[in-house]
Amino acid sequence: MRFLSLALFWTGMALLAVEPHWAYAPLDRPSIPEIEDGVSHPVDAFIRVGLKAHGLRAAPEADRPTLLRRIHFDLIGLPPSPEDHRRFLADPAPEAYEREVDRLLASPRYGERWARHWMDAVHFAETHGHDQDRIREQAWPYRDYLIEAFNADRPYARFIQEQVAGDVLFPDRPEATVALAMAAAGPWDESTLRDIREDTLDRQLGRYVDRDDMISTVVSVFNSTTVHCARCHDHKFDPIPQADYYALQAVYSGVERAHRVFDRDPSIHVRRQHWMHQRRQVERQEAELLESPQTRAEVALWLKRRREHPVAWKSWESPSFLSAGGATLKRLPDGSIQAGGSSPEQDTYTLTGSPPAPTVRAIQVELLPDDSLPHRGPGRNVDNGNLHLSEVELWVFSAGATAPRRVPWARATSSFDQEGWTVAQAIDGRDKTAWGIHPKEGQSHRAVFELAETLKARPGDLWSLVLRQVHGGAHVIGRFRISMTDAPGQSSRVIPEPVASIVDRPVAGWTEAQSRAVASFVIRERLRDQLAGLPEPSRVYAVAGDFEPDASLKPVLEPRPIHRLNRGEITQPREAVGPGALTCIDGLPARFSVPEGSEEGARRAALARWLSHRDHPLTWRSIVNRVWLHHFGRGLVATPNDFGRMGTPPTHPELLDWLAVWFRDDAQGSFKALHRLLVTSATYRQRSQSSGDPVALLDPDNRWLGRMNRIRLDAECVRDAMLMIDGRLDLRMGGPGDRQFELKPGIHVTPRVDYTRFDSDAPEGRRRSVYRFLFRTLPDPWMEALDCPAGDQLLPARNNSVTLQQALALWNNAFSLRQAEHWAESLQARGGDGSESWKEVGWWAWGRPLTDTEQQEWTRYARKHGLANACRLIFNSNEFLFVP
């Protein structure tokens, strides 16, 4: 019998696989049903058809105070004030409700409320999660982007495109770069993706897992599809083969999660991004740039200036040169200084004297080989003759001054850098880093240190050049020479090999490779100066293909090759897979025609166009269902992240399709228009109580919407309402998430967070919940009890459950107690427990005035148990916690 049941099950699944699934069907606008009772609103027409078919009828309209409270919490996440109630109830006009809806949609609080919903969907948090859970200092710009986008009513197609490929499709808009944080919003395994070796299987597998989170977020949020189920095998229930899953992996194979630069000033942003793109072209050795007529002219001009303005270096034979480590320093006839005697583990050389020229813009340090040094030097390390120059400092002792002045450096260049030990590390202010020259010991090397200011020598001034060599292991300098010049930085910089030897030859004899090498150097130098001349950029934690390396996390020049992994095993790669999407969407290309050698952004741009295409049925059905869910407590499809066969079918498929087409075509993707359409329907404005109507018992789950669902406030609404009612809510917008602790640089630990103080006493902790900083692995227990999801969970919406844990948290948590005390203090300051105070209490907490009997009972309770306890009881009342 068991085998027969299994056979029937799989036979049924095979039949389902043949039948077309509703979610993938093309979108067509259904006709609005004609209803005899004069229903004019399209949403109501579809709903009434369903009610009639099931022998149900619609509930009457809710009273006006209830409607006001409902739309306030739905649209801005805050309760209406007593003044809001008075103004609304005093307006008898039929269009008063619509005006109030428009007022709330125009409020900046609207963007904050709906950004919070989106942040839940993309599992946003300001820390990485996993074992280290390091803080993401620059995650918050994405939250501010969402708030601005919702308040500006960004069309949905563009909203999608910005978050998938805004840098490519809208390069002149800084906010479009910030939007790329969507795919990076989830958890990130720092230990695997940053701290272990690049050539390990764990690192390779970690990238596949990380991209799995990216594509799962993007496809789940925009298409309500469980694409991640095709990672190890073809999807068991939906028409998604493994090849589709890995095609989506290929879209994101050229990016990492990292800090991406942008500029809030659009004009500066465009320039920086253009120059960064050129820098990327040089790194990729693109002929389009390196062999262009403009580049040839630029190289010719650079060569001409170099010939016409040679740099004159003047040797600095300082009268004082000392070794702090006890080495013997002596000057040789060529002006160089040689170290002898004892070879200390660490040393610092200090040269002091008057400068050799009246004006100085750069200082040159030459490292010279010598037969007396180990391996001919130029260092004194006995193993290989290497050295480590930790820091170079220049101090000026001005006549009459009481203390010396340290002169800042602008830049350092060298003829050769040891891998990981660059000359820039000799001016970074850190003793743990240094300049090294391995494996090119036994050769001469040069470094030029450009001053951040032009120095003019004054009578009586003394200059001290300090060469700190504190890395250890006797990596100290054996022989060196110091010289100075007044030539500008562009002229004095060191030209590294092999470019230096190429430019001394006639241009006509250069090979193609040599021409490219010189062009690359000239463009890099120009771009470095141009970028350095811009203001300090802003940063956002986002997906990026071009970013500053962080330990072993480095950008790649080309998207990494993606292979279909047999059974999802990193050790079983099969055929290579190019970028693409889902084959189950008819009429849209499942594989993207991205030219070979294109930058990774072209792949994301193709995905963005595919997702936002007007003929994409999943995209438009998914978003109207999500918005419906937040207004009605349940989606037309009850599984908003899964429109596949394991999800639930729509209760009102014609309404879902009509809304999708209307939102796409008539509303042009306007969220505010969609909100306005839904909340002005009679279906939304119904009472939530069935008033004992026996007909309502035919639909106990209210799937056919014969009444409004009674919805518990989510954790953010409860918290923000408490703070607003007690007069302590800070409505400042934007900026970093609020936190009241500091971590020492380089130490990434999770501190103990005092949530009581964080929320109730500190001014920074009174801002709206959307601005709260929380560790991904350390959620606020009070909010977690009220179904606030942790940042590493991908949830469609709050569960809105009712549990004992919630009752205990609301009644006993220190935050609840403190807010009740603050509210009591506020009431006492405005008149104690008199009748006017109790009227205000009713409007704030319940959206209605207290009856005379209630007022008397609450007054007696407050006098007996204290006003704070009365406020605490009100905060725990069902009428406060639920929106009828």
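For the structure given in this document, a descriptive report is provided here.

### Remarks on the overall build of the chain
Counting its regular elements, the chain contains 31 helices and 18 strands. Principal axes of the C-alpha set define a box for the chain whose edges measure 110 × 70 × 55 Å. Relative to its 884 residues, the chain shows a buried fraction of 57%. Expressed as a percentage of contacts within the chain between residues at least 6 apart in sequence, the contacts between residues at least 24 apart total 74%.

### Structural notes on the side chain of Arg-134
Mapped onto the elements, Arg-134 comes out in the loop between helix H6 (108-121) and helix H7 (140-151). In terms of polar contacts, Arg-134 uses its side chain to reach the side chain of Glu-190, at 2.8 Å.

### Brief notes about the layout of surface pockets
Considering only enclosed or pocket space, the second largest pocket measures out at about 730 Å³ in volume. Surrounding the second largest pocket, 25 residues form its lining, Trp-302, Arg-306, Gln-490, Ser-491 and Ile-495 being those nearest its centre. Only helix H15 (293-308), helix H16 (489-492) and helix H18 (512-532) provide two or more residues apiece to the lining of the second largest pocket. For the lining of the second largest pocket, the class distribution of residues is 10 nonpolar, 5 polar and 10 charged.

### Looking at helix H2 (residues 42-53)
Taking 1.5 Å as the rise per residue, H2 with 12 residues should run 16 Å; its terminal C-alpha atoms sit 17 Å apart, in good agreement. Here the buried face of H2 lies against helix H20 (617-632), helix H21 (653-666) and helix H22 (671-679). Looking one or two residues beyond H2, the residue adopting positive phi is Gly-55, at roughly 70°.

### Some words on the nonpolar core
Formed by 163 residues in total, the largest nonpolar core has its most connected members in Trp-118 and Leu-659. Of all the elements, H21 adds the most residues to this core, at 8 residues. Apart from residues no more than four positions distant in its own chain, Leu-659 is found in contact with Val-43, Val-624, Trp-628, Leu-636, Leu-674, Leu-677 and Leu-678. In this structure, Leu-329, Leu-351, Leu-455 and Ile-477 belong to the second largest nonpolar core, which totals 35 residues.

### Here's the deal with the packing of helix H4 (residues 82-89) against helix H5 (residues 96-105)
Packed helix pairs are specified by the crossing angle of their axes together with the interaxial distance, meaning the distance between the axes. The geometry of H4 relative to H5 is characterised by a closest axis approach of 10 Å and an angle of 145° between their N-to-C directions. Here H4 contributes Asp-84, Arg-87 and Phe-88 to the contact with H5, which in turn contributes Ala-96, Tyr-97, Glu-100 and Arg-103.

Cut-offs and rules
Residues numbered from 1 in each chain as written. Predicted model: local features only at pLDDT ≥ 70, side-chain atom pairs only at ≥ 80, totals over all residues. Heavy atoms only, no water. Helix = DSSP H or I, 4+ residues; strand = E, 2+ residues; numbered from the N terminus. Buried < 20%, exposed > 50% of the residue type's maximum accessible area, 1.4 Å probe, protein only. Contact = heavy atoms within 4.5 Å. Polar contact = N/O pair within 3.5 Å; in protein donor to acceptor, adjacent residues only side chain to side chain. 1 Å grid on protein atoms, 1.4 Å probe; cavity = no way out; pocket = protein on both sides within 12 Å on 5 of 7 lines; lining within 4 Å. Points joined across faces, edges and corners; volume = space filled by probe spheres on them. Nonpolar A, V, L, I, M, F, W, Y, C, P; charged D, E, K, R; others polar. Expected span 1.5 Å × (residues − 1). Core = buried A, V, L, I, M, F, W, Y, C linked by side-chain atoms within 4.5 Å. Axes fitted to C-alpha atoms, helices over the stretch in contact; angles between N-to-C directions.

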